Amino acid sequence: MSMPDRLRAASANLVEAPRVSADAPASARTTHDRMANAIRALAMDAVEQAKAGHPGLPMGAADIATVLFTRFLKFDPADPAWPDRDRFVLSAGHGSMLLYAVLYLLGYEKMTIGEIKRFRQFGSLTPGHPEYGHTPGVETTTGPLGQGLANAVGMAIAERHLAALFGSDIVDHSTYVLASDGDLMEGISQEAIALAGHLKLRKLIVLFDDNGISIDGPLTLADSVDQVKRFEASGWAATRIDGHDPEAIARAIAAAQKSERPSLIACRTTIGFGAPTKGGTEKSHGAPLGAGEVAAARERLGWSAPAFEIPPAIREEWRTAGERGRPARLAWRKRLAQLDPQQRAAFERRSRGALAPERLGAAVRAVKAKLAETPKEIATRAASELALDTLTAALPEMIGGSADLTGSNNTRAKGMTVMSAADYAGSFIHYGVREHAMAAAMNGMALHGGIIPYSGTFLIFSDYCRPAIRLAALMGQRVIHVMTHDSIGLGEDGPTHQPVEHLAALRAIPNLKVFRPCDAVETIECWQLALQTTSGPSVIALTRQNVPQLRLGLEEGNRCAGGAYELVGAEDGAAAVSLFATGSEVAIAVAARKLLAGRGVSARVVSVPCFELLHAAPDAERAVVIGSATINVAVEAGIRQGWDAIIGSSGTFIGMHGFGASAPYKELYQHFGITAEKVAEAALAHLRKS
Ligand SMILES: Cc1ncc(C[n+]2csc(CCOP(=O)(O)OP(=O)(O)O)c2C)c(N)n1
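In this text the structure is predicted, and so the values were computed from the model without any measurement.

Participant: When you look at the overall build of the chain in this model, what are you seeing that I'm missing?
Facilitator: Helix and strand counts for the chain stand at 27 helices and 20 strands. Its C-alpha atoms give the chain principal-axis dimensions of about 95 × 55 × 45 Å. Sorting the 690 residues of the chain into buried and exposed places 61% on the buried side. Long-range pairs, those at least 24 residues apart, make up 78% of the contacts in the chain with a sequence separation of at least 6. As displayed, the chain offers around 25,100 Å² of accessible surface, 53% of which is attributable to carbon and sulfur atoms.

Written out as structure tokens, the structure reads:
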């Protein structure tokens, strides 16, 4: 069907909007219509009261949600975190009232009518867009279009993987997504669906709210993609149905449940279904309909109940639907109790996200002991691989991967098998050249539970992951991004590949830890800290080039835990100069300290593997680490932004002031003046001035 046909069909539906009174005889169809109209009424009322919000999607997709939640979705409002529940992702987060209305109607305890009335108000459980961790029943934070769909791919991967490990008696659930035109126009959606199709994620079902309208107007203004063909070409089963026909919706979902491939159900709907003048147009997308239109929509829908009131019979139907999943949950609990005790303990530990602390501790100690015995001058990416060889063996919940840079990122540890449609038990994912979907899918895996996802790409391509990293930080999810080739030190690939502003840009994201270890010992310590950070994501920035091991001997404690520490003290106790550095530039600072000593100037070197941990340290501890030398110098092959908080605005910064260049890396360090000599000169010049 061409796009104008679709629009015509949509408006035809509008004309036929059912006129169902709350007290009409309850045939299956009328019951369905009343239940769907309850969603529509709540959405209209809440948006009207808030004087802001998006009534169009909830009204248009109410039939889809009603069929899905009352007949198919496996869940129990009494235990919103039940690990084997089906996941529902409202990828088009602007339609949040759809989800809030459904959660209220189904009987999620905390989602009261009071919360619906406080839609979009401070502290309510009904914020403008659904927020994970804030509202029980919300599986992921959505709003930035396309992210939810890619999260769902990660959830579906997690499900297949855990089912392969623990059996389908314990893990056997589907992931449903409601996606809008906007979700499917975003580039991330292609990355996500291609990955899902390749991995044959058959328990992933996307319901596309195919209403042909976005903010600017009809989709024909900007898009003419045949989504069914597009999904089919990506390895999906895809079909097109009337999204206002409950039986067609039910048939399509039932067929999708049996599919061997992920499924797209393009549901032709009318945005703002029921609204007589604004329905079917962009006018119902993102603004209150207005009192007159709401009254007319009520009339058209046959909905006579006052605002925020649901007739008891309809409420009862919804509550009954809400209780559907209880027996399944109780049966699952029984099966879990009967599981082999070791398997059960592993499943429960992983579901809680609890690390096995003794195993992690032993793994870190083992790596450190080896490095103490035989110090290594290697790239920190290679040090990370050594760390991963031991860590992944100790922590099977670590699922690694790379966006087609496996050999460069060193993220595939010894013994890891590749996850594929033929073997979901594999623990390494070839994400393909899809950084954005990789990062978003990792969020989905972490949200699903039972998995600690980590991945790899070049630090420069953190820009391609940034929206998903930001959401991981907002949602407090433990995902770990290994980002190698972390400076001009990558050399010949040149300025397109040399990150300059990226460390600063990542450090700007709240609740994200950016680690930049200086040697093999710091690398395992940073890995330990990233794994222990259960409430947010981490980036571990690693070098391509070799760096000397600066930490010799065996130390029990994790010196990186404070974010920064004095690596080499001043020779005579009182330093005239404090040299701060991260990653590959720490060795430069150490060499500069020696040069300064030769000139009779006493300097100390502070390694700063993690700004965020340093800034979070108690004032007194931070003051000791920063010290009170006359001169502070920072060395980092990136931009200055962010360093003033450590060296002060009068401190000296040695680093990058523009883009890099294409040349062997040692020449680049010389060219850009990031050398021990330049550091020492800068410190001396500053000393002379002071
Ligand atoms: C990444 C991103 N870009 C832009 C927006 C702003 N925005 C919200 S909804 C929307 C498009 C609305 O069209 P559609 O997705 O079809 O939703 P519908 O109109 O059917 O509710 C846009 C551009 C966003 N939320 N996320």
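Participant: Which parts of the structure should I look at to understand the site of the ligand?
Facilitator: By nearness alone, 15 residues border the ligand, and His94, Ser180, Gly182, Asn211 and His285 come closest of all. Measuring from a nitrogen atom of the ligand, one finds a backbone N or O atom of Leu145 at 3.0 Å. Protein contacts shield 74% of the accessible area of the ligand, which totals 580 Å² for the unbound molecule. Mapped onto the shell around the ligand, the elements with two or more residues apiece are helix H7 (181–185) and strand E4 (213–214).

Participant: Help me understand the pattern of salt bridges in this model?
Facilitator: If charged atoms from side chains of opposite charge come close, those side chains can pair. Counted under the stated rule, the structure contains 26 salt bridges. With a closest N to O distance of 3.2 Å, Glu247 and Arg71 form a salt bridge. You can see Glu247 sitting in helix H10 (residues 246–258) and its partner Arg71 sitting in helix H3 (residues 56–72), a full 176 residues away along the chain. Taking the relative accessible area as the measure of exposure, Glu247 reaches 38% and is therefore partly exposed. Where Asp84 meets Lys74, a salt bridge forms, and the shortest distance between an N and an O atom there is 2.9 Å. With a gap of ten residues between them, Asp84 in the loop between H3 and strand E1 (87–90) and Lys74 in the loop between H3 and E1 connect regions that are remote in the sequence. Judged by relative accessible area, which is 2%, Asp84 ranks as buried.

Participant: Would you mind showing me how to read the confidence of the model for the chain here?
Facilitator: Caution applies to low-pLDDT parts of the model: their predicted coordinates are not meant to be read in detail. Per-residue pLDDT for the chain has a mean of 96; in total, 96% of the residues score no lower than 70. Scored below 50 in pLDDT, residues 1–22 makes 53 contacts in the model with residues more than four places away or belonging to other chains.

Participant: What should I look at first to understand helix H18 (residues 435–448) in this one?
Facilitator: For an α-helix, the turn length of 3.6 residues means that residues three or four places apart are oriented alike. Counted at 1.5 Å a residue, the expected span for H18 with its 14 residues is 20 Å, and the 20 Å between its end C-alpha atoms agrees. Positive phi shows up at Gly449, right after H18, with a value of about 95°.

Participant: Can you walk me through the packing of aromatic side chains in this structure?
Facilitator: Think of a pair of aromatic rings as described by two things: how far the centres are apart, and how the planes are tilted against each other in angle. A full pass over the atoms with the stated rule returns 14 aromatic pairs. Taking the centre distance of 5.3 Å and the plane angle of 75° together, the rings of Phe166 and Phe347 count as edge-to-face. With Phe166 in helix H6 (residues 147–166) and Phe347 in helix H14 (residues 341–352), the pair connects residues that are 181 residues apart, well separated along the chain. Aromatic pair Phe461 and Tyr464: ring centres 5.8 Å apart, planes at 70°, arrangement edge-to-face. On the basis of relative accessible area, Phe461 is assigned to the buried category, the value being 19%. Three or more aromatic residues link up through ring pairs in this structure, and these residues are Phe69, Phe75, Phe88 and Tyr108. It is Arg319 that lies over the ring of Tyr104; its NZ or CZ is 5.7 Å from the centre. Across the ring face of Phe611, the terminal group of Arg507 is positioned such that the distance to the ring centre comes to 3.6 Å.

Participant: Teacher, can you tell me more about the sheet that holds strand E14 (residues 538–541) here?
Facilitator: Sheet strands associate in pairs through backbone hydrogen bonding, adopting either a parallel or an antiparallel arrangement. Strand order in the open sheet made by the six strands is E10-E9-E11-E12-E14-E13, with parallel pairing throughout. Strand pairing shows two members of the sheet lacking a second neighbour, strand E10 (428–430) and strand E13 (513–515), which therefore form its edges. Geometrically, the sheet is characterised by an average inter-axis angle of 20° between neighbouring strands, direction not taken into account. Judged from the two bridges that link them, strand E9 (residues 398–402) and strand E11 (residues 452–458) form a sheet pairing that is parallel. Following the sheet pairing, Ile399 is matched in E11 by Pro453.

Participant: Could you clarify how one ought to interpret empty space enclosed by the protein in this entry?
Facilitator: Unoccupied space between atoms shows up once a probe the size of one water molecule is rolled over them. Throughout the structure, instances matching the rule amount to three cavities of 30 Å³ or more. As for the largest cavity, its lining consists of 14 residues, of which Leu73, Phe75, Tyr108, Gly137 and Glu139 are closest to the centre.

Participant: What's the story with the packing of helix H13 (residues 326–338) against H14 in this structure? I'm lost.
Facilitator: Two quantities define a packed helix pair, namely the angle between the helix axes and the distance between the axes. Between H13 and H14, the least distance of the axes is 8 Å, while the angle of their chain directions is 125°. In this view, H13 runs oblique relative to H14, as classed from their interaxial angle. Contacts between H13 and H14 pair Trp332, Leu336 and Ala337 from the former with Arg344, Phe347 and Glu348 from the latter. Considered class by class, the residues forming the contact of H13 with H14 number four nonpolar, no polar and two charged.

Participant: Hey, could you run me through the nonpolar core in this one?
Facilitator: Counting residues in each nonpolar core, the largest one holds 71 residues, and the members touching the most others are Ile157, Leu201, Leu204 and Leu264. With eleven residues, H6 is the single largest residue contributor to this core. Each residue touching Leu264, except ones within four places of it in the same chain, is listed here: Val206, Phe208, Gln227, Val228, Phe231, Trp236, Ala237, Ala238 and Thr239. Core analysis: the second largest hydrophobic core is formed by 68 residues, Leu73, Ile265, Leu301 and Ile310 among them.

Participant: Hey, could you run me through the side chain of Ser462 in this one?
Facilitator: Along the chain, Ser462 turns up in helix H19 (residues 462–475). Since its relative accessible area comes to 2%, Ser462 is described here as buried. In contact with Ser462, other than residues within four places in its own chain, are Met483, His502 and Leu506.

Participant: What's the story with the packing of helix H8 (residues 187–198) against H18 in this structure? I'm lost.
Facilitator: Running from N to C, H8 and H18 point in directions that differ by 70°, and their axes come no closer than 8 Å. Comparing their axes, H18 and H8 come out roughly perpendicular. Contacts between H8 and H18 involve Ile188, Glu191 and Ala192 from the former and Glu435, His436, Ala437 and Ala440 from the latter. Classifying every residue of the contact of H8 with H18 by side-chain character gives four nonpolar, one polar and two charged.

Participant: Explain the side chain of Gln227 here, please?
Facilitator: If you trace the backbone, Gln227 turns up in helix H9 (residues 227–233). If near-sequence neighbours (up to four positions away) are discounted, Gln227 is found in contact with Leu184, Phe208, Arg240 and Leu264.

Participant: Is there a simple way to think about the sheet that holds strand E20 (residues 652–654) in this case?
Facilitator: What the five strands build is an open sheet, ordered E16-E18-E17-E19-E20; its pairing is mixed. Two strands close off the open sheet at either side, each with one partner strand: strand E16 (565–568) and E20. Neighbour-to-neighbour, the strand axes of this sheet turn through a mean angle of 30°, independent of strand direction. This element, helix H22 (residues 585–598), spans E16, strand E17 (577–581), strand E18 (603–607) and strand E19 (631–635) of the sheet and lies at about 160° to E17. Relative to the sheet, helix H24 (residues 619–626) contacts E16, E17, E18 and E19, its axis offset from that of E18 by approximately 130°.

Participant: Can you help me understand helix H2 (residues 28–50) in this one?
Facilitator: In this model, H2 (23 residues) spans 33 Å end to end at C-alpha, consistent with the 33 Å of a helix rising 1.5 Å per residue. Most of H2 sits inside the fold, with 19 of its 23 residues counted as buried. Note on H2: the residue one or two positions beyond its end, Lys51, has a positive phi of about 60°.

What counts as what
- Residues numbered from 1 in each chain as written.
- Predicted model: local features only at pLDDT ≥ 70, side-chain atom pairs only at ≥ 80, totals over all residues.
- Heavy atoms only, no water.
- Helix = DSSP H or I, 4+ residues; strand = E, 2+ residues; numbered from the N terminus.
- Buried < 20%, exposed > 50% of the residue type's maximum accessible area, 1.4 Å probe, protein only.
- Contact = heavy atoms within 4.5 Å.
- Areas by Shrake-Rupley, 256 points an atom, 1.4 Å probe, with all protein chains shown as cover.
- Near = heavy atom within 4 Å.
- Polar contact = N/O pair within 3.5 Å; in protein donor to acceptor, adjacent residues only side chain to side chain.
- Salt bridge = Lys/Arg side-chain N within 4 Å of Asp/Glu carboxyl O.
- pLDDT = per-residue confidence, 0-100.
- Expected span 1.5 Å × (residues − 1).
- Phe/Tyr/Trp six-rings, centres within 6.5 Å; stacked < 30°, edge-to-face > 60°.
- Lys NZ or Arg CZ within 6 Å of the ring centre and 35° of its normal.
- Pairing = 2+ DSSP bridges.
- Axes fitted to C-alpha atoms, helices over the stretch in contact; angles between N-to-C directions.
- 1 Å grid on protein atoms, 1.4 Å probe; cavity = no way out; pocket = protein on both sides within 12 Å on 5 of 7 lines; lining within 4 Å.
- Points joined across faces, edges and corners; volume = space filled by probe spheres on them.
- Parallel < 35°, antiparallel > 145°, perpendicular 65-115°, else oblique.
- Nonpolar A, V, L, I, M, F, W, Y, C, P; charged D, E, K, R; others polar.
- Core = buried A, V, L, I, M, F, W, Y, C linked by side-chain atoms within 4.5 Å.

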